[in-house]
Each structure stands twice: as C-alpha cells, then as structure tokens.
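Architecture and fold: a report
These are the residues of each chain, in order.
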Amino acid sequence: MASIFIASLTYSVPIERIDAVLADHLAWLKAGHEAGHFIAWGPREPRDGGLIFVKAGSRAEAERMLASDPFIMHGLADLAITEWIPRMAFPGLEAFNG
C-alpha cells in the first residue's frame, strides 16, 4: 500500500533563478503526475517555495523521486519531507487515501 508524503520546498536563491528553471520543474511535475506519483502540488504564498503531495511505496522511494526535481538537482531549494496519514478526504479527493 502506498503512503502519502508532503514535500515542502523552500527556495534558497533569488526568484529569478527559480523562474529560469520553472519550465523544467513543471515538466517534471507533470511526468510524475502522469506516472501516478504526484497527486497535488502548487506554490506557497508568499512565493518562497511550494508543496508536492507524493504517493510512494516508501519514504526512500519518495526521496529518490524528489531528488530528481530540477530545483533540487540545481541546488535552488531546500527540501523537507513529511509522511502524512489522511484520515478523511472530500469526495473527488480519493487519491489522497493511500
């Protein structure tokens, strides 16, 4: 059974450097979504980072996936990963139910 992990990215460089890699980051997110791993994502407000909800078989698997994020590979953001156990989700959000 898969677990849900919340990846919190915090930018460690000026936003102009983030924007220069944003297209690659978004393509990476879309590929992860199509593979069934990334179930939700988006920037934080203020725009100092973002969150990715990851479905993975283990923390190690989630860590491997997230290590391939262009923001992480280029040293543009710090990453914190939290395992999350959803207890309830609104109808239509069944993907959050590990």
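For the structure, see preceding data.
What comes next is a walk through the structure.

Conventions adopted
Residues numbered from 1 in each chain as written. Predicted model: local features only at pLDDT ≥ 70, side-chain atom pairs only at ≥ 80, totals over all residues. Heavy atoms only, no water. Helix = DSSP H or I, 4+ residues; strand = E, 2+ residues; numbered from the N terminus. Rg over C-alpha atoms; globule rule 2.2 N^0.38 Å. Buried < 20%, exposed > 50% of the residue type's maximum accessible area, 1.4 Å probe, protein only. Contact = heavy atoms within 4.5 Å. Lys, Arg positive; Asp, Glu negative; His and termini not counted. Charge placed at Lys NZ, Arg CZ, Asp CG, Glu CD. Pairing = 2+ DSSP bridges. Axes fitted to C-alpha atoms, helices over the stretch in contact; angles between N-to-C directions. Phe/Tyr/Trp six-rings, centres within 6.5 Å; stacked < 30°, edge-to-face > 60°.

1. A look at the overall build of the protein
Secondary structure summary: the protein contains three helices and four strands in total. When its helices and strands are written in sequence order, the protein yields β-α-β-β-α-α-β. The C-alpha atoms of the protein give 13 Å as radius of gyration, which agrees with the globular expectation for 98 residues (13 Å, within 12%). On the principal axes, the C-alpha backbone points of the protein span a range of 40 × 25 × 20 Å. Within the protein, the fraction of its 98 residues that count as buried is 34%. Considering only contacts within the protein whose residues lie at least 6 apart along the sequence, 70% involve residues at least 24 apart. Considering the protein, the positive charge centre built from 8 side chains and the negative charge centre built from 12 side chains are found 4 Å apart.

2. Some points on the sheet that holds strand β2 (residues 38-43)
If you walk across this open sheet you meet the four strands as β2-β3-β1-β4, and the pairing is antiparallel. Two strands lie at the open edges of the sheet, namely β2 and β4 (77-84), each paired on one side alone. The sheet shows a mean angle of 15° between the axes of neighbouring strands, taken without regard to direction. Taken together, the eight bridges between strand β1 (residues 3-11) and strand β3 (residues 49-56) define a ladder with antiparallel strand orientation.

3. Things to note about the environment of Ile81
Within the secondary structure, Ile81 sits in strand β4. Taking relative accessible area as the criterion, Ile81 reaches 15% and is therefore assigned buried. Spatially, the C-alpha atoms of Ile81 and Phe53 are 9.8 Å apart, while their sequence positions differ by 28 residues. Discounting chain neighbours no more than four positions away, the residues touching Ile81 are Phe5, Ile6, Arg59, Glu63 and Leu66.

4. Remarks on the packing of aromatic side chains
We describe a pair of aromatic rings using the distance from one ring centre to the other and the angle between the two ring planes. Counted according to the given criterion, the structure contains three aromatic pairs. For the ring pair Tyr11 and Phe71, a centre distance of 5.8 Å and an interplane angle of 85° mean the geometry is edge-to-face. Here Tyr11, found in strand β1, pairs with Phe71, found in helix α3 (residues 70-73); they are 60 residues apart in sequence, far enough to count as distant. The two residues Tyr11 and Phe71 agree in class, both being buried.

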